[in-house]
Amino acid sequence: MKKYFVIGNPINHSLSPKLHNHWFKQNNINAVYEKIKLEENEVKNFINKIRNQEINGCNVTVPFKKTVIPFLNKLSPEAEQTQSVNTICFNNGELVGHNTDIVGFQKAINKLNYNAKNKKILILGAGGVVPSIIFALNKMEVSQIILSNRTYKKAENLKLQFNKINIVNWGEIPEFDIIINATSLGLNNETIDIETSNIGHGKLFYDVIYNPAETNFLKNGKKLGNQTENGKFMFVYQAFEAFKLWHNIEPSVNNQILNLLNDD
Ligand code: ATR
């Protein structure tokens, strides 16, 4: 039986096992997918288990998307440019790191029939998933990306990687077409302390969080008359792309799959 994992810390919240195990069943694949919490000093050993084929592949989540890179042989161009790996494959004797968060985000926006071209984007947060979102937004040819993070230094570090982004102080809300919450604020029902009175309506509020399905950030956006979307499809599509890489099969994305994620 083949074995797949998602590694991270914390990892309890991850719904990846549910999704992949469902797709295994649906496609008659003899495999199992589990989540495992690792400490940083355990990552290398774990990756080596993929090299010796004890394990067949893994997904990587916060905070290890960069940590895994030195232990791999090769990166896809997207993983290379974002320095972020969320999927590891073993191909022709080589460990290859991919980044499927990028396509995940792109597909999630496409699904809204929203054309992001020439749109002005405000990103809140500078954590693990932000390089992938910036990369995807650049591919979508947005006109401007403005980033705001509580810890300014982390925003500055991202600017070293993506020199076209602009940084504003935490709490400052410039004009935008799309605002993206990429912070972890909302996971436990917290509210982001931003001044919303000047935001108005007709914008897109996007939250990377999908559990809870509607964060206070999205609730507030909706109240002001804006379109809102949570991170569910980004999550499903990053898993879809990982599944495709490992099994060469496009798994189903339908209401049954979405309901799987609602059960928790
Ligand atoms: P990591 O930073 O380890 O990659 P993450 O969950 O991907 O973890 O990112 C957490 C994000 O949420 C960061 O942008 C963090 O801001 P800091 O860089 O200042 O830590 C943001 N965040 C978490 N708690 C926050 C809070 N109470 N107020 C504002 N931003 C917060």
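Residues numbered from 1 in each chain as written. Predicted model: local features only at pLDDT ≥ 70, side-chain atom pairs only at ≥ 80, totals over all residues. Heavy atoms only, no water.

Moving on, we get to the sheet that holds strand β8 (residues 144-148). Here six strands make up an open sheet; going across it, the order is β9-β8-β7-β10-β11-β12 and the pairing parallel. Two strands close off the open sheet at either side, each with one partner strand: β9 (166-168) and β12 (227-229). Averaged over all neighbouring strand pairs, the angle between strand axes comes to 20°, with direction disregarded. Bridge count between strand β10 (residues 178-181) and strand β11 (residues 204-207): four bridges; the pairing is parallel. Bridged to Asn-181 within β11 is Asp-207. (Pairing = 2+ DSSP bridges. Helix = DSSP H or I, 4+ residues; strand = E, 2+ residues; numbered from the N terminus. Axes fitted to C-alpha atoms, helices over the stretch in contact; angles between N-to-C directions.)

Now for the nonpolar core. Proteins that are soluble and globular tend to have nonpolar side chains buried together. With 57 residues, the main nonpolar core has Phe-105, Ile-123, Ile-133, Leu-137, Leu-147 and Ile-180 as its most contacted residues. The element that contributes the greatest number of residues to this core is helix α8 (residues 232-247), accounting for ten residues. Both of domain 1 (2-99 + 233-262) and domain 2 (102-230) provide at least three residues apiece to this core. Formed by 18 residues, the second largest nonpolar core is a distinct cluster that contains Phe-5, Leu-38, Val-43 and Val-85. (Core = buried A, V, L, I, M, F, W, Y, C linked by side-chain atoms within 4.5 Å. Buried < 20%, exposed > 50% of the residue type's maximum accessible area, 1.4 Å probe, protein only. Domains from an automatic or database assignment.)

On the secondary structure map, Asn-149 appears in the loop between β8 and α6 (152-161). Assessed through its relative accessible area of 10%, Asn-149 is described here as buried. A distance of 3.1 Å separates a polar atom in the side chain of Asn-149 from the backbone nitrogen of Ala-126. Here Thr-151 takes part through its backbone oxygen, which lies 3.0 Å from a polar atom of the side chain of Asn-149. If sequence neighbours within four positions are ignored, Asn-149 has contacts with Gly-125, Ala-126, Lys-154, Ala-155, Val-168 and Trp-170. (Polar contact = N/O pair within 3.5 Å; in protein donor to acceptor, adjacent residues only side chain to side chain. Contact = heavy atoms within 4.5 Å.)

With that settled, the discussion passes to the domain arrangement of the chain. Along its sequence, the chain is carved into domain 1 (2-99 + 233-262) and domain 2 (102-230). Taking only C-alpha atoms into account, the centre of domain 1 sits 25 Å from that of domain 2. Buried area between domain 1 and domain 2, both sides added, is near 1600 Å², and the carbon and sulfur share of it is 65%. Linking domain 1 with domain 2 are one salt bridge, by the criterion used here. A salt bridge links Lys-107 to Glu-241, with the nearest nitrogen and oxygen atoms 2.9 Å apart. (Buried area = accessible area lost by both parts, 1.4 Å probe. Salt bridge = Lys/Arg side-chain N within 4 Å of Asp/Glu carboxyl O.)

This part covers the packing of aromatic side chains. Tallied over the entire structure, the rule returns twelve aromatic pairs. Taking the centre distance of 4.8 Å and the plane angle of 40° together, the rings of Tyr-4 and Trp-246 count as tilted. Residue Tyr-4 is located in strand β1 (residues 2-8), and its partner Trp-246 is located in helix α8; the two are separated by 242 residues in the primary sequence. Residue class for Trp-246 comes out buried when judged on its relative accessible area of 12%. Relative to Trp-246, the ring of Tyr-33 lies with its centre 6.3 Å away and its plane at 50°, an arrangement referred to as tilted. Here the residue Tyr-33 occupies a position in strand β2 (residues 31-37), and Trp-246 occupies one in helix α8, the gap between them amounting to 213 residues. Of the two residues, Tyr-33 and Trp-246, both sit in the buried class. Over the ring of Phe-176 we find Lys-203; its NZ or CZ atom is 5.1 Å from the centre of that ring. (Phe/Tyr/Trp six-rings, centres within 6.5 Å; stacked < 30°, edge-to-face > 60°. Lys NZ or Arg CZ within 6 Å of the ring centre and 35° of its normal.)

This part takes up the pattern of salt bridges. Under the defined criterion, the tally for this structure stands at seven salt bridges. Among the salt bridges present, the one from Lys-244 reaches Glu-241, with a minimum N-O distance of 3.7 Å. Note that Lys-244 and Glu-241 are positioned in helix α8 at a spacing of three residues, about one turn of the helix. A relative accessible area of 28% means that Lys-244 is categorised as partly exposed. Notably, a salt bridge pairs Glu-250 with Lys-244, separated by 3.5 Å at the nearest N-O pair.

Here we come to the side chain of His-247. Counting through the fold element by element, His-247 comes out in helix α8. Given the relative accessible area of 13%, His-247 is considered buried. Setting aside anything within four residues of it in sequence, one finds His-247 in contact with Tyr-4, Phe-24 and Ile-29.

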